[in-house]
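# Reading the structure
Here are the chains, one letter per residue:
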Amino acid sequence: MKSPTESSTWQPGAWRHRPARQMPAYPDLAALDAACAQLRQFPPLIFSGEVQALRTQLAEVAAGRAFLLQGGDCAESFDTLDGEAARETFRVMLQMAVVLTYAAARPVVKVGRIAGQYAKPRSADTETQGGLTLPSYRGDIVNGAAFTPEARAPQPERLLRAYSASAATLNLLRALAQGGFADLHQLHGWTADFVRASPQGQRYQELADRIGETLAFMAACGFTSENTPQLREVAFYTSHEALLLPYEEALTRRDAAATPGADARWFGASAHMLWLGERTRQLDGAHIEYLRGIANPVGVKIGPSATPDDVLALLAALDPAREPGRVVLITRMGAGQLPAKLPPLLAAVKASGHAVVWSCDPMHGNTVTSAHGVKTRDFGQVVREVREFFDAHAQAGTVAGGLHVELTGQDVTECRGGGQNLTDDSLQARYTSACDPRLNGSQSLELAFLVADLLKAQRGGAMKSIAKT
Ligand code: TRP
Ligand code: MN
């Protein structure tokens, strides 16, 4: 297979010649074409220079010199666009990033599952209730969740709503990242009220006090927010699952070529990073064909059934030029399964010479049904998979590069356990996820402290091995 950079034949619509899984059956194809034509007229949501900056930072992650934090809702919704949900996700990610940056003493690359996470894969095309069969709900970019024929019919006009919802969310995120909210001097203010009194809240408070002293010292030395933008601003990137290919195709743009005469590269302009789930990563499938042609960093979810050969074939398709950090392998093995399933993959990829980012998704392999029949996850199992991930990398001599979590800063009750000790009964209080259960603000912070300890232990280990040589 020729790589798209050596051949000018790849086009954003190349995927149309391949089998595409998980596509909605649009009743009105002319309306779909009209919506896509409109999207092609809209400005890109992101700029190719940002994609390049993220690529550079992920290469640092692959080399073990930075850490990737990727998090956000399982699915965003058009109904919660008042900015509160986005701000709360951003806020808790800042807190987690501070905790991790401090412990690891290396930069944390911040990527939200946000500003575009509107399409969901489904195990069945239809759903039947009381004798009525309707199309499955596939996320707000496709159809509505209500079980009525009107809501469940795929509506092309939703592609345009997804674009404007993404643009609105991204605008807020850019304002928060650059307008003062993310200033390190504000770190006390990022704690939600419900977290403040908890053990995690107190541990965060102590860390914030220590960083506050350092900032005062640095101000005395002449480094302030006014003259040091690094203290005041963060780079915050967006990502979503690249599932609905007509939407992604319509938002694919050509980079202005850096060197005159050189081929301008294609990039996906709907988000900085795109990923594929387990259900759409067939080698000869449409989704891989799309992703291989764009310059963005691309993620692929890897579950317990993936073999070393599967992973190597994916890397050959997506990273033929072996560019460090081009591919993020997001493993979701399940606690207890990981120690058997991950090591063969680590060994094979290490031997292949592809410098990937290995990121741990401790959520999707640990979904269970609560006593009341809702989807939940045990915080203890999430923690267990993260520990197993770090152990496996330590054994293999590979880099545990990142964490991929479904979270919100809000006080929801969707996952069991954690410091608040949520139980099946307490889940009913504030279960607001449209899809999978998320860690709440307190559980997210608790997980960040755990990962911080694992990263710190790694640093200690590295120091010891330096001392030994
Ligand atoms: N700009 C630096 C960074 O992104 C430092 C920083 C500023 C920061 N605000 C932050 C780090 C908030 C974490 C969270 O790493
Ligand atoms: Mn999910």
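Please refer to the structure placed before this passage.
Residues numbered from 1 in each chain as written. Chains lettered and ligands numbered in written order. Predicted model: local features only at pLDDT ≥ 70, side-chain atom pairs only at ≥ 80, totals over all residues. Heavy atoms only, no water.

### Side note on the sheet that holds strand S14 (residues 400–406)
- As summarised here, the arrangement of the eight strands in space is S1-S2-S5-S8-S9-S10-S11-S14, forming a closed barrel in which the pairing is parallel. In this sheet, adjacent strand axes meet at a mean angle of 25° when their direction is disregarded.
- With three bridges joining them, strand S8 (residues 273–276) and strand S9 (residues 298–302) adopt parallel strand pairing. Note that in S9 the partner of Leu274 across the bridge is Val298.
- Along the sheet, helix H11 (residues 308–318) contacts S9 and strand S10 (327–331); its crossing angle with S9, the most-contacted strand, is approximately 170°. (Pairing = 2+ DSSP bridges. Helix = DSSP H or I, 4+ residues; strand = E, 2+ residues; numbered from the N terminus. Axes fitted to C-alpha atoms, helices over the stretch in contact; angles between N-to-C directions. Contact = heavy atoms within 4.5 Å.)

### Topic: the side chain of Ser136
- Mapped onto the secondary structure, Ser136 falls in the loop between strand S4 (132–135) and helix H4 (149–152).
- On the basis of relative accessibility, which here comes to 5%, the residue Ser136 falls in the buried class.
- Here the side chain of Ser136 touches Ala124 through a polar contact of 2.6 Å, landing on its backbone oxygen.
- When residues no more than four places from it in sequence are discounted, the contact partners of Ser136 are Arg122, Ala124, Asp125, Thr126, Glu127, Asn143 and Arg152. (Buried < 20%, exposed > 50% of the residue type's maximum accessible area, 1.4 Å probe, protein only. Polar contact = N/O pair within 3.5 Å; in protein donor to acceptor, adjacent residues only side chain to side chain.)

### Brief notes about the coordination of the manganese ion (ligand 2)
- Every protein donor of the manganese ion (ligand 2) is accounted for by Cys74 (SG), His364 (NE2), Glu406 (OE) and Asp436 (OD), and the metal-donor separations fall at 2.2 to 2.5 Å.
- Here the donor residues for the manganese ion (ligand 2) map to a single chain with the spacing C-x289-H-x41-E-x29-D. Linking Cys74 in the loop between strand S1 (67–72) and helix H3 (84–104) with His364 in the loop between strand S11 (357–360) and strand S12 (367–369), this pair joins segments that are 290 residues apart in sequence. Across this residue pair, the class does not change: Cys74 and His364 are buried. (Donors = N, O, S within 2.8 Å, 3.2 Å for Na, K, Ca; no water.)

### Here we look at the pattern of salt bridges
- Per the stated rule, a full pass over the model turns up 26 salt bridges.
- Between Glu278 and Arg281 there is a salt bridge, with the nearest N and O atoms lying 2.6 Å from each other.
- Note that Lys301 is salt-bridged to Asp361, the shortest N-O span being 3.0 Å. Taken together, the positions of Lys301 in strand S9 and Asp361 in the loop between S11 and S12 put the pair 60 residues apart, joining distant regions of the chain. Accessibility classification places Lys301 together with Asp361 in one group, the buried group.
- One continuous salt-bridge network, built from bridges that share partners, spans Arg113, Lys375, Arg377, Glu406 and Asp436. (Salt bridge = Lys/Arg side-chain N within 4 Å of Asp/Glu carboxyl O.)

### Here's the deal with empty space enclosed by the protein
- For the coordinates displayed, the defined rule picks out two cavities of 30 Å³ or more.
- In this structure, the largest cavity is lined by Gly116, Gln117, Tyr118, Ala119, Ile141, His240, Glu241, Leu243, Leu244, Tyr247 and Glu248.
- In terms of residue class, the lining of the largest cavity is made up of six nonpolar, three polar and two charged.
- As for the second largest cavity, its lining consists of Gln22, Met23, Pro24, Ala119, Lys120, Arg138, Val142, Leu243 and Leu244. (1 Å grid on protein atoms, 1.4 Å probe; cavity = no way out; pocket = protein on both sides within 12 Å on 5 of 7 lines; lining within 4 Å. Points joined across faces, edges and corners; volume = space filled by probe spheres on them. Nonpolar A, V, L, I, M, F, W, Y, C, P; charged D, E, K, R; others polar.)

### A few points about the pairing of strand S5 (residues 236–241)
- Among the six residues that make up S5, six are buried, leaving the element largely enclosed by the rest of the structure.
- Note: strand S2 (residues 108–113) against S5, four bridges, orientation parallel. By the bridge assignment, Lys110 is partnered in S5 with Phe236.
- Alignment of S5 against S8, held across three bridges, turns out to be parallel. Along S8, the bridge assignment pairs His240 with Leu274.

### With respect to the packing of aromatic side chains
- In this structure the tally under the stated criterion is seven aromatic pairs.
- Relative to Tyr163, the ring of Phe42 lies with its centre 4.7 Å away and its plane at 35°, an arrangement referred to as tilted. Of this pair, Phe42 sits in the loop between helix H1 (29–41) and helix H2 (48–62) while Tyr163 sits in helix H5 (residues 157–178); the two residues are 121 residues apart in sequence, bridging distant segments of the chain.
- What makes Phe42 partly exposed here is its relative accessible area of 24%.
- Ring-pair connections join several aromatic residues into one group, and the members of that group are Trp10, Trp266 and Tyr290. (Phe/Tyr/Trp six-rings, centres within 6.5 Å; stacked < 30°, edge-to-face > 60°.)

### Some details on the site of ligand 1
- Looking at ligand 1, the residues that line it are Leu94, Ala97, Val98, Lys110, Ala182, Leu184, Trp190, Gln230, Leu231, Glu233 and Val234.
- Contact between ligand 1 and Lys110: an oxygen atom at 2.8 Å from a side-chain N or O atom of the residue.
- Here Gln230 contributes a backbone N or O atom positioned 2.7 Å from a nitrogen atom of ligand 1.
- Coverage of ligand 1 by the protein chains reaches 83% of its 350 Å² of free accessible surface.
- Elements represented by at least two residues in the shell around ligand 1 include exactly H3 and helix H8 (229–232).
- Sorting elements by how many residues they give to the shell around ligand 1 places H3 first, with three residues.
- Within the shell around ligand 1, the residues separate by chemical class into eight nonpolar, one polar and two charged. (Near = heavy atom within 4 Å. Areas by Shrake-Rupley, 256 points an atom, 1.4 Å probe, with all protein chains shown as cover.)

### Let's talk about helix H7 (residues 199–220)
- Under the 1.5 Å per step criterion, the end-to-end length of H7 is 32 Å for 22 residues, consistent within 8% with the ideal 32 Å.
- When we look at burial in H7, the residues that qualify are Gln200, Gly201, Tyr204, Leu207, Ala208, Ile211 and Leu215. Down the axis of H7, the smallest arc covering the buried residues is 125°, so these residues share one side. Facing away from the buried surface of H7 by more than 90 degrees, the exposed residues are Pro199, Glu213, Phe217 and Ala220.
- Phi for Gly222, located one or two positions after H7, is positive at around 110°. (Expected span 1.5 Å × (residues − 1). Arc of directions from axis to C-beta.)

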